[in-house]
Structure formats: structure tokens, C-alpha cells
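Structural overview for review
Below, each chain spelled out in residue letters.
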Amino acid sequence: MSRLWSDHVAGLSPYVPGEQVKLDNLLKLNTNEHPFGPSPKALEAIRQAATDDLRLYPSYSAQELRDAVAHNHGVKANNVFLGNGSDEVLAHVFSALFLRGVRPVLLPDITYSFYTTYCSYFGVPADIVPLREDFTLNVQDYVRKRSLPPAGIIFANPNAPTGIPLSLEDIETILAANPDTTVVVDEAYVDFGGTSSVSLLEKYDNLVVIQTMSKSRALAGLRVGYALASADIIQALERVKDSFNSYPMDTIAQVGAVASLKDTEYFERQCQAVIDAREQLRADLEQLGFEILPSKANFLMATHPKHSAAGIQQALREQGILVRHFRQPRIEQYLRITVGSPEQCARLCNSLRQILGQGA
Ligand SMILES: *Cc1c(COP(=O)(O)O)cnc(C)c1O
């Protein structure tokens with residue numbers, strides 16, 4: 001431990017991302033990246049922006065991108081908050097909305113692990129609510145009256161790493177029962193068959209919807225995420241952002257993201273291609289004896305009754321295929337497998353057939 005560190009650094013629990021290794025013939029199915037590239041129009045816009053104008057600061061308000069996001073979701077520009085990836089947006093949400101004294105934040109036991117990382121970073125008390133045995137979220141757990149109203153409720157829909165979606169009726173029940181609590185719905189995977197809560201924004205001023213361009217728009221490398229919420233909440237987020245980094249959206253990210261948002265046809269076609277590949281992969285894995293959670297995301301959470309998840313992961317790794325394994329109670333016998341292209345999924349299944357045949 002360094003003698004020069006700030007007091008809180010040793011106590012942090014940093015997020016652990018899926019590994020990003022570079023190997024020949026590597027098949028990366030461990031971080032939910034998109035198997036197909038971004039819109040060619042986005043790539044062209046990015047190339048066009050690589051000029052001497054990069055000596056200038058980017059547009060401070062990122063107005064064009066803000067307008068494009070607003071247009072895309074049928075909200076006003078003052079309902080949009082932009083960030084350098086949705087992880088940054090989430091950090092500002094914690095800082096701007098969840099630091100409410102001893103009031104806790106409620107979240108499921110199995111969900112995106114960055115939420116508890118931010119709880120520890122910001123010193124927010126986390127009230128962890130176990131999902132049901134089948135990994136579905138029991139809305140009654142979030143409706144029950146508590147002595148202290150929570151500062152926030154946060155979950156992903158579809159959830160990660162299970163892929164299980166929650167219905168809009170259930171989300172509305174949570175919103176209506178918690179008017180003095182900010183409810184954050186992280187929709188990183190919603191474009192692969194889930195239902196967005198954006199339509200509830202009109203009725204509930206305690207709702208924050210978070211989306212990212214990293215997954216369904218195949219732009220993880222560009223780092224663009226955003227929150228949609230009431231103008232009042234957006235104002236809080238802007239105040240925090242401008243106290244930290246007032247230029248998180250670089251020029252390249254702004255133009256690339258705008259061009260991607262405008263290319264609806266490409267976007268819808270590629271989302272459908274991933275959905276089709278997912279359903280084929282589900283059928284193929286079931287053939288191999290896997291049990292799969294009902295995912296509406298671009299990944300499948302799979303367990304095999306006869307083989308250990310850690311063993312399968314290691315055997316796949318030796319064949320140059322990476323999948324994600326969480327050493328965490330309740331899901332240690334599961335593998336989270338990103339849906340690749342049909343060819344990539346076929347390679348995965350061939351390797352699995354061989355591995356399971358040998359008894360991993
Ligand atoms: C990938 C992911 C994010 C982060 O996305 P970035 O925009 O790339 O930071 C946020 N939430 C969930 C649930 C994710 O899976």
C-alpha cells in the first residue's frame with residue numbers, strides 16, 4: 001500500500017472488466033461487444049472529423065448529439081444527459097441523486113457489478129435484495145414500505161448478467177410505490193428485444209433511463225452513453241458533471257454518435273441479426289445439454305448440469321475462445337456467453353461439443 005495514497009483508495013472495490021487480450025484467432029465472447037461493426041455512416045463521419053479542427057475544444061453542450069438522442073426517443077433536449085460511456089453517466093447519477101445521508105440504494109444481488117462498486121466509491125449504503133430462485137426480480141420487494149425511503153433503486157432491464165427482462169407494468173409499480181426515490185433503469189441491452197421505460201418518463205419524474213451506444217450500436221470504443229429524465233434531474237447531473245469534467249464528449253464521439261443515431265435502417269437490421277443469432281445459439285446450446293436463462297440481451301447465461309462452468313471456461317480458453325465466468329454465489333455454475341456472428345457461434349459450439357465429449 002503506498003504511503004502517498006488518499007485514505008479511501010485502499011478500501012475501494014474496483015470494477016473488474018472481462019479481459020481484453022490480443023491473440024491470433026481469438027474469439028471474444030466475454031464482454032458483450034457487437035459481432036458486426038458500427039454503421040458505415042458513423043465510420044465515415046468519424047473519418048471526416050479527423051482534421052485540424054481537433055485543435056479546438058469540442059462543442060460544450062454537444063447540442064447536435066443531444067438533439068439526435070432526444071429525437072430518437074421522442075423527448076426534449078433538456079431531458080437528455082450525455083456521458084463518456086454510460087458507466088460515467090451512472091457515476092454522476094450516484095453523485096447527483098444517491099448521496100442522501102443514510103438513505104440506502106436498493107439493488108438486486110445478481111446485477112451489473114458496477115452498481116456496488118459505485119456504492120463503495122461514493123459511500124452509499126447498499127441494500128441488496130436477492131432475486132428469486134429463478135433469477136427474476138420480485139417487484140413486491142421494492143414496494144414494501146420501509147422506515148426510511150431509499151435514496152435510489154437501480155437495476156438493469158434486461159438484467160445483466162442474466163438477460164432476464166422486467167415488464168413495464170412491474171417497473172411502473174415500482175415507480176408509483178416510490179415517489180420520493182429515484183428509480184434508475186439501465187437499458188444497456190434493451191435494443192435486443194426488451195421494452196424501454198422511456199414512455200414512462202412523461203408520468204414519473206422519479207425515473208432515470210440509462211442507455212449506451214456500446215452494445216446495440218457497436219460503438220464500445222467510442223464511449224457514448226446517456227441518461228433520459230426530467231429536466232430537474234438532468235440539471236442535477238449537469239451540475240455534477242461541470243464540477244468534474246465539462247468536456248466528456250469529444251468531437252469524434254459527438255459526430256460518430258450522431259451519424260449512428262441517424263442510420264436507423266442499419267441499426268434495426270443489425271439488432272435483428274443479433275437476435276436471430278441468439279435464438280440459434282440458444283437452440284444449439286440446449287442441444288449440447290445446457291440450461292439457458294430466458295435472455296432478451298446479446299448474451300446467454302448458460303449452465304450445464306454435468307460439467308463445471310469454470311472447467312468449461314478454461315477448456316474454451318485453451319482453444320482461443322473467451323466467455324465470462326463470475327466467481328460469485330448463485331451464479332458460479334453459469335457462463336455468460338456473448339452472442340457472436342453465426343460463424344462465431346458455430347465455432348463456439350464445435351469447441352463445446354469436443355470439450356463436453358471429453359468430459360470437462
Ligand atoms: C456494458 C454495460 C454498461 C456500460 O456501458 P458503457 O456505455 O460502455 O460504459 C452499463 N450497464 C450495463 C448493464 C452494461 O452491461
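Small disclaimer: the values here were computed from a predicted structure and weren't measured. (Residues numbered from 1 in each chain as written. Predicted model: local features only at pLDDT ≥ 70, side-chain atom pairs only at ≥ 80, totals over all residues. Heavy atoms only, no water.)

Here the focus is helix α5 (residues 168-177). Residues of α5 that are buried include every one of Leu 168, Ile 171, Ile 174 and Leu 175, and no others. The buried side chains of α5 occupy one side of the element, clustering within an arc of 120° when seen end-on. Buried residues in α5 make contact with β5 (152-156), β6 (182-186) and β7 (207-212). (Buried < 20%, exposed > 50% of the residue type's maximum accessible area, 1.4 Å probe, protein only. Helix = DSSP H or I, 4+ residues; strand = E, 2+ residues; numbered from the N terminus. Arc of directions from axis to C-beta. Contact = heavy atoms within 4.5 Å.)

Attention now moves to the site of the ligand. Around the ligand, the structure places Gly 85, Ser 86, Asp 87, Tyr 112, Asp 186, Ala 188, Tyr 189, Thr 212, Ser 214, Lys 215 and Arg 223. With respect to the ligand, the side chain of Tyr 189 contributes an N or O atom lying 2.6 Å from an oxygen atom. Within the contact set of the ligand, an oxygen atom lies 2.6 Å away from a side-chain nitrogen or oxygen of Ser 214. The fraction of the free accessible surface of the ligand (390 Å²) that becomes covered by protein chains is 93%. (Near = heavy atom within 4 Å. Polar contact = N/O pair within 3.5 Å; in protein donor to acceptor, adjacent residues only side chain to side chain. Areas by Shrake-Rupley, 256 points an atom, 1.4 Å probe, with all protein chains shown as cover.)

A sheet is described by the order of its strands in space; here seven strands give the open sequence β2-β8-β7-β6-β5-β3-β4, paired in mixed fashion. Every other strand in the sheet has two partners, leaving β2 (80-83) and β4 (126-129) as the edge strands with one partner each. Averaged over all adjacent pairs, the angle separating strand axes in this sheet is 20°, with direction ignored. Relative to strand β8 (residues 225-228), β7 runs antiparallel, the two sharing four bridges. Looking at β8, one finds that Val 209 is bridged to Leu 228. Set on the sheet, helix α3 (residues 86-97) makes contact with β2, β5, β6, β7 and β8; between it and β7 the angle comes to about 160°. (Pairing = 2+ DSSP bridges. Axes fitted to C-alpha atoms, helices over the stretch in contact; angles between N-to-C directions.)

Moving on: the pairing of β6. β6 sits mainly inside the fold: five of its five residues count as buried. Judged by which residues are buried, β6 turns out to be covered on both faces: Thr 182, Val 184 and Asp 186 on one side and Val 183 and Val 185 on the other are all buried. Judged from the five bridges that link them, β5 and β6 form a sheet pairing that is parallel. Paired with Ala 156 across the bridge in β6 is Asp 186. Since β5 and β6 lie parallel, the crossover through α5 that links them has a hand, and here it is right-handed. Where β6 meets β7, four bridges bridge the pair, whose relative direction is parallel. If you follow Val 185 over to β7, its bridge partner there is Val 209. (Right-handed = clockwise from strand over helix to strand, strands pointing away.)

Looking now at the UniProt feature "domain: Aminotransferase class I/classII large" (unreviewed entry) in the protein. Residues annotated by UniProt as "domain: Aminotransferase class I/classII large" (unreviewed entry) correspond here to residues 25-352. Helix makes up 36% of residues 25-352 and strand 15%, with an end-to-end C-alpha separation of 17 Å. (UniProt positions renumbered as here; feature names shortened; annotations may be inferred.)

Following the sequence through the fold, Asp 263 ends up in the loop between α7 (251-262) and α8 (264-287). Among buried Asp, Glu, Lys and Arg side chains, Asp 263 stands out as unpaired, with Lys 41 the closest opposite charge at 4.1 Å. What Asp 263 contacts, discounting residues up to four positions off in sequence, is Ser 39 and Lys 41. (Lys, Arg positive; Asp, Glu negative; His and termini not counted. Salt bridge = Lys/Arg side-chain N within 4 Å of Asp/Glu carboxyl O.)

Let's shift gears to unusual backbone geometry. The omega torsion of the bond from Asn 157 to Pro 158 falls at -5°, within 30 degrees of zero and hence cis. Inspection of the secondary structure assignment puts Pro 158 in the loop between β5 and α5. That bond from Ala 160 to Pro 161 is cis: its omega, 0°, falls within 30 degrees of zero. Examined against the element boundaries, Pro 161 turns out to sit in the loop between β5 and α5.

Now for the sheet that holds strand β10 (residues 299-303). Taken in spatial order, the three strands of this open sheet run β9-β10-β12, and their pairing is antiparallel. Looking at the sheet topology across the chains shown, the edges are occupied by β9 (291-292) and β12 (334-338). The pairing of β10 with β12 spans five bridges and is antiparallel. Paired with Met 301 across the two strands is Arg 336, which belongs to β12.

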